[in-house]
Amino acid sequence: MDSSRISIDGTDIAFAQDGQDTVLRAALRAGIGFPYECASGGCGSCKFDLVSGAVDNLWPEAPGLTDRDRRKQRLLACQCRARGDLCIKVRPSQESKPLVLPRRRTAKLAGITDITHDIREFRFVTDSAAEFLPGQFALLDIPGIPTPRAYSMSNIANEAGQWHFQIRRVREGKATAALFDRLEPGDVIGLDGPYGLAWLRQDNERDLICIAGGSGLAPMVSIARGASAAGLLDKRKLHFYYGARTAADVCGEHLLGELPEFASKLHFHPVVSMPESSALWSGAIGFVHQQVEQDFGSRLADHEFYFAGPPPMTQSLQEMLMVQYKVPFSQIHYDRFF
């Protein structure tokens, strides 16, 4: 297997990139805190400057790069492979250092369950234990799709090698079309992980607020399951908000209802933005971030926040929490996707 040595300019840090790894994946596999969020070209958090050497740029048009970045010849570590030894300029961060080192596995599809009309749970099994933190994601190599796709796990770490993903079908999405229409139980794919920085924190005593929309359901369910398994809900509350367009899109309550703290310490709050009629929906109406603000207002800063969902939802939450209510950034956990 070909190997390249990648060094970080101005430091004594160096790591090897083997096989088909990107610069980012190689760094994280080596336990280095390379800044990143989505690991798939969208967020721009893993930008670096190339000091010497050459790379293959897998996606020059990636939205994570601005025109200014391209003029300055900045690159995305998640979209570059070294062609020989490299020297790069980047500032490693302790926050990005992986607590569980990601690694490649093969995974067999064990079962599929419909969650809603457009969200399915895909359950994969690997030969080794499923090691990850609640709220993290993995990169799936889907047959017929040239680049890996990032999907969050909905379960928690386990010795049985179970990896569960709740995935929403995307209109004209090639990856979800392959998953929904062609993948069958018994099929084998590549699975690389875990990745992600929005994992469950246990170092504080604040109540938790989880906010999900679309297939952002998966990591938030994982957070809730992880909080229950760790005993965090013995003394704390968890409020779980799900923002949906219509009543038919609401989901998650039956999954949370399996946890022993449901209705006592764990509370489910569905919010619908486009109710078909009052006869079909009698719950909260509006945007989910507005409902969270209405329910907690000046008490928002007393909570630990986790959220995942469509970019407009996550952007509205960031602005409300950080700008309007000055919630400390250290209490807000999300991974940016596009």
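Here, every reference points to the structure presented above.
The text that follows walks through the structure, step by step, so that each part is easy to find. Within every chain, residues take consecutive numbers counted from 1 along the sequence as written. Local features in this predicted model are restricted to residues of pLDDT 70 or higher, and side-chain atom pairs are both shown and tallied only at a pLDDT of 80 or more, whereas totals for entire chains, interfaces and linings draw on every residue. The basis for every side-chain value is the complete set of heavy atoms in the structure, and neither hydrogens nor water enter the calculation.

## Re the overall build of the protein chain
Rule in force here: Think of it this way: any DSSP run of H or I at least four residues long counts as a helix, any run of E at least two long counts as a strand, and we number them from the N terminus. Atoms counted for the radius of gyration: C-alpha only. Globule rule: 2.2 Å times residue count to the power 0.38. In this scheme, a residue with accessible area under 20% of its type's maximum is buried, one over 50% is exposed, and one in between is partly exposed, where area comes from a 1.4 Å probe on protein chains only. Computed with a 1.4 Å probe, the accessible areas rest on the Shrake-Rupley method; for each residue, only the protein chains presented here act as cover. Under this rule, positive means Lys or Arg and negative means Asp or Glu; His and the chain ends count for nothing. Working definition for charges: the position is that of NZ of Lys, CZ of Arg, CG of Asp or CD of Glu.
Across its full length, the protein chain holds 7 helices and 19 strands. Here the protein chain has a C-alpha radius of gyration of 20 Å; the compact-globule value for 338 residues is 20 Å, and the two agree. The C-alpha extent of the protein chain, read off along each of the three principal axes, is 65 × 50 × 40 Å. Taking all 338 residues of the protein chain together, the buried fraction comes to 52%. Just so you have it, the protein chain exposes about 15,800 Å², and 48% of that area is on carbon and sulfur atoms. Each charge class in the protein chain was averaged separately, 37 positive and 40 negative side chains, and the resulting centres sit 4 Å apart.

## A closer look at the side chain of D69
With respect to the secondary-structure elements, D69 resides in helix α2 (residues 67-71). Overall, D69 belongs to the buried group, its relative accessible area being 5%.

## What to know about the sheet that holds strand β7 (residues 86-89)
Defined as follows: Any two strands are treated as partners once DSSP identifies two or more bridges connecting them. Interaxial angles span 0 to 180 degrees and are taken between N-to-C directions of axes, which are lines fitted to C-alpha atoms, for helices over the stretch in contact.
Read from one edge to the other, the open sheet built from 5 strands follows the order β2-β1-β7-β3-β5, with strand pairing classed as mixed. Each edge of the sheet is formed by a strand with only one pairing partner; in this case those strands are β2 (14-18) and β5 (74-76). The average angle at which neighbouring strand axes cross in this sheet is 40 degrees, direction not considered. As paired strands, strand β3 (residues 47-52) and β7 are joined by 3 bridges and run antiparallel to one another. Counterpart to S52 in the pairing with β7 is C87.

## Quick notes on the pairing of strand β13 (residues 188-195)
With 7 of its 8 residues buried, β13 lies for the most part within the structure. Where strand β8 (residues 103-114) lies against β13, 6 bridges are found, and the strand directions are antiparallel. The residue of β13 that forms the bridge with R104 is D192. Pairing between strand β10 (residues 137-141) and β13: 4 bridges, direction antiparallel. What sits directly across from L140, in β13, is L191.

## Looking at the pairing of β3
Relative to β5, β3 is paired through 3 bridges, and the arrangement is antiparallel. Across the sheet, residue K47 finds its bridge partner in β5, namely L76.

## A look at the packing of aromatic side chains
Which entries qualify depends on this criterion: Ring geometry is summarised as follows: Phe, Tyr and Trp rings, the Trp one being its six-membered ring, pair when their centres sit within 6.5 Å, and such pairs are stacked at plane angles under 30 degrees, edge-to-face over 60 and tilted between the two. A positively charged side chain is recorded as over a ring if its NZ (Lys) or CZ (Arg) lies within 6 Å of the ring centre. The angle to the ring normal must also be within 35 degrees.
Scanning all chains against the criterion turns up 7 aromatic pairs. The interplanar angle of 10 degrees and the centroid separation of 5.0 Å between the aromatic rings of F307 and Y334 together place this pair among those described as stacked. Of this pair, F307 sits in strand β18 (residues 303-308) while Y334 sits in the segment after β19 (332-333), and the two are 27 residues apart along the sequence. What makes Y334 buried here is its relative accessible area of 13%. Each residue in the set Y36, F137 and Y195 is aromatic and connected to the rest through ring pairs, giving one cluster. Lying over the aromatic face of W199, R201 brings its terminal NZ or CZ to 3.7 Å of the ring centre.

## Things to note about helix α4 (residues 217-229)
Helical periodicity: at 3.6 residues per turn, an α-helix aligns residues three or four positions apart in one direction. Convention followed: A helix's residues, less one, multiplied by 1.5 Å, set its expected span.
Its 13 residues give α4 an end-to-end C-alpha distance of 18 Å, which sits within 8% of 18 Å, the value for a rise of 1.5 Å per residue. By the criterion of burial, α4 is predominantly enclosed, with 12 of the 13 residues buried. Just downstream of α4 lies G231, where phi reads positive at about 80 degrees.

## Here's the deal with helix α3 (residues 174-181)
Filter applied, for reference: Every residue pair with non-hydrogen atoms within 4.5 Å of one another is taken to be in contact.
Those residues of α3 that sit buried are A175, T176, A178, L179 and F180. Looking at the packing, one finds that the buried side of α3 touches β9 (119-125), β11 (149-152) and β12 (162-168).

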